[in-house]
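# Inside the fold
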Amino acid sequence: MTTRREFIGAGLTGIAALTLLPAVNTFANVNNDYQRYSKAKPKLRFALASDIHYGQPGTDYALNTGNMVKWLNADHAQNHLDMVIVNGDLVHNRPDLLPEIKSKYLDKLSVPYHTIPGNHDFADATVWQKNFGYEDKYTVEFGDIGFVLANTADTKGTYLCPDNTFIKASLDKFANKKIVFVILHIAPYKWQKDDFFVDCPETIDLLHSYPNVKATFHGHDHLLDGIRYTGNKFPHFFDSHIGGDWGTEYKGYRIVEVDAQNAIYTYQVNASQNPVLNSNKL
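In this report, the structure presented in the accompanying data block is examined. Remember, it's a predicted structure, so these values are computed and weren't measured experimentally.

### Re the overall build of the chain
Each helix and strand counted, the chain has six helices and 13 strands in total. Burial analysis of the chain (282 residues in total) assigns 56% to the buried set. When contacts within the chain are restricted to residue pairs at least 6 apart in sequence, long-range pairs at least 24 apart make up 66% of them. On the chain, roughly 11,700 Å² of surface is accessible, and the fraction owed to carbon and sulfur atoms is 52%.

### What to know about the sheet that holds strand β6 (residues 145-150)
In space, the six strands of this open sheet follow the order β5-β6-β7-β8-β10-β9, with mixed pairing throughout. The open sheet has two free edges, formed respectively by β5 (137-142) and β9 (227-230), since each of these has just one partner strand. For this sheet, the mean angle separating the axes of adjacent strands, direction not counted, is 25°. Bridge count between β5 and β6: six bridges; the pairing is antiparallel. Bridging across to β6, phenylalanine 142 finds its partner in isoleucine 145. Here helix α5 (residues 164-173) sits on the sheet in contact with β5, β6, β7 (179-184) and β8 (213-218), set at roughly 175° to β6. Most of the contacts of helix α6 (residues 201-209) go to strand β10 (residues 234-238), to which it runs at about 115°, and overall it touches β7, β8, β9 and β10.

### Brief notes about the nonpolar core
Within the largest apolar cluster, 52 residues are counted, with the highest numbers of intra-cluster contacts made by Phe46, Val84, Leu106, Phe147 and Phe181. The dominant element in this core, judged by the number of residues it contributes, is strand β2 (residues 44-49), at five residues. Residues in contact with valine 84, not counting those within four places in the same chain, are Ala47, Leu72, Leu109, Val111, Pro112, Tyr113 and His114. By size, the runner-up hydrophobic cluster in this structure holds 15 residues, among which are Val148, Ala150, Phe166 and Val180.

### What about unusual backbone geometry?
Even without being a glycine, aspartate 51 presents a positive backbone phi close to 55°. Mapped onto the elements of the fold, aspartate 51 is located in the loop between β2 and α2 (61-79). A positive phi angle, near 50°, is found at phenylalanine 122, a position not held by glycine. Topologically, phenylalanine 122 is positioned in the loop between β4 (113-116) and α4 (125-132). The exposure class of phenylalanine 122 is partly exposed, given its relative accessible area of 23%.

### Focus: the packing of aromatic side chains
The description of an aromatic ring pair uses the distance of the two centres, along with the angle that the planes make with each other. This structure, assessed with the given rule, holds 15 aromatic pairs. Geometrically, the ring pair formed by phenylalanine 46 and phenylalanine 181 is tilted, given 5.7 Å between the ring centres and 55° between the ring planes. Of the two residues, phenylalanine 46 is situated in strand β2 and phenylalanine 181 in strand β7; the sequence distance between them amounts to 135 residues. A centroid spacing of 4.9 Å and a plane angle of 75° characterise the contact between tyrosine 54 and tyrosine 61, whose relative ring orientation is edge-to-face. Its relative accessible area of 2% is what places tyrosine 54 among the buried residues. Each residue in the set Phe46, Phe147, Phe181, Phe217 and Phe237 is aromatic and connected to the rest through ring pairs, giving one cluster. We note lysine 233 situated over the ring of tyrosine 229; from NZ or CZ to the ring centre the distance is 5.0 Å.

### What to know about the pattern of salt bridges
In total, this model carries nine salt bridges according to the counting rule given. Measuring nitrogen to oxygen at the nearest pair gives 2.7 Å for the salt bridge that ties arginine 45 to aspartate 75. With a gap of 30 residues between them, arginine 45 in strand β2 and aspartate 75 in helix α2 connect regions that are remote in the sequence. Residue arginine 45 is classed as buried on the basis of its relative accessible area, which comes to 2%. We classify aspartate 75 as buried; its relative accessible area is 9%.

Conventions and cut-offs
By convention here, each chain's residues receive numbers from 1 onward along its written sequence. Given that this is a predicted model, residues contribute local features only at a pLDDT of at least 70 and side-chain atom pairs are listed and counted only at 80 or more, while totals for whole chains, interfaces and linings are drawn from all residues. Side-chain measures were taken over the full set of non-hydrogen atoms in the model, leaving aside hydrogen atoms and water. Secondary structure elements are defined from DSSP: runs of H or I of at least 4 residues count as helices, runs of E of at least 2 residues count as strands, and each element is numbered from the N terminus. Here's how the labels work: a residue is buried when its accessible area is under 20% of the maximum for its type, exposed when over 50%, partly exposed in between, all with a 1.4 Å probe on protein chains only. Contact criterion: two residues are considered in contact whenever any of their non-hydrogen atoms come within 4.5 Å of each other. Accessibility throughout is a Shrake-Rupley quantity obtained with a 1.4 Å probe, and a residue counts as covered only by protein chains that appear here. We treat two strands as partners when DSSP finds at least two bridges between them. The axes used here are C-alpha line fits, helices contributing only the stretch in contact, and every angle between their N-to-C directions lies in the interval 0 to 180 degrees. Nonpolar cores were defined as sets of buried Ala, Val, Leu, Ile, Met, Phe, Trp, Tyr and Cys residues, with membership established by side-chain atoms within 4.5 Å. Stacked, edge-to-face and tilted are the three classes for Phe, Tyr and Trp ring pairs, Trp counted by its six-membered ring, which pair at centre distances within 6.5 Å; planes under 30 degrees apart are stacked, over 60 edge-to-face, the rest tilted. Counting as a charge over the ring demands two things of the Lys NZ or Arg CZ atom: a distance within 6 Å of the ring centre and an angle within 35 degrees of the ring normal. Any Lys or Arg side-chain nitrogen found within 4 Å of a carboxyl oxygen on Asp or Glu counts as a salt bridge.

Put into structure tokens, the structure is as follows:
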């Protein structure tokens, strides 16, 4: 494995143990077992997967990408997914492979999907529009639930804060939504100096300022698959990785469910091994 993985693995174990503690009045740990309190069908159920790294030399990226499609389609067949969000690093430093991963794999998903660039996609609004038909920052609506998706890197892979003017305008537009989720490949906060994130105090202030913004979802750090918090226990969720040459030993994705009472449940799926790693209720 890479040196990056070795020192992250050594450095984050203690931090993860602390930041994954349940938040008072926000997220309640369900003993690491997925137990949705309501047995009724959720009004929204979606998956988040990230860090496919299609085209990375020395990795079985075709197998990994095919497995992702297989796992998500199987999940949909068993439990129904309303959509899939692919949260960055679809390809590995090869934006020319975006048409291939789209046509050969993503278009084979049985449900609608949305994508956003990561730092390895080397993409901007023009690249994303050409390949997916929408720009690198946009919003999605599902009834009274809104999604804000924004790029956090440039065409050279430099880590950036998201476009905060766009974030604010989107959150204002969704002010009457019951729930808003924000999707950013790179987290806008460094919990410790060695984090591979970027400090974006304006972004954090925006996330904390809108009570209907319930969580953000990130990829990027392949070793993270749980929760970290900012402010007064505002949650940032991570979803491990699908591909690449470093990260958790397993490969998987995150599920989010919203029930009729707007309770939010989320858990990480260890798709390559065991079914569920952790679960939380909002």
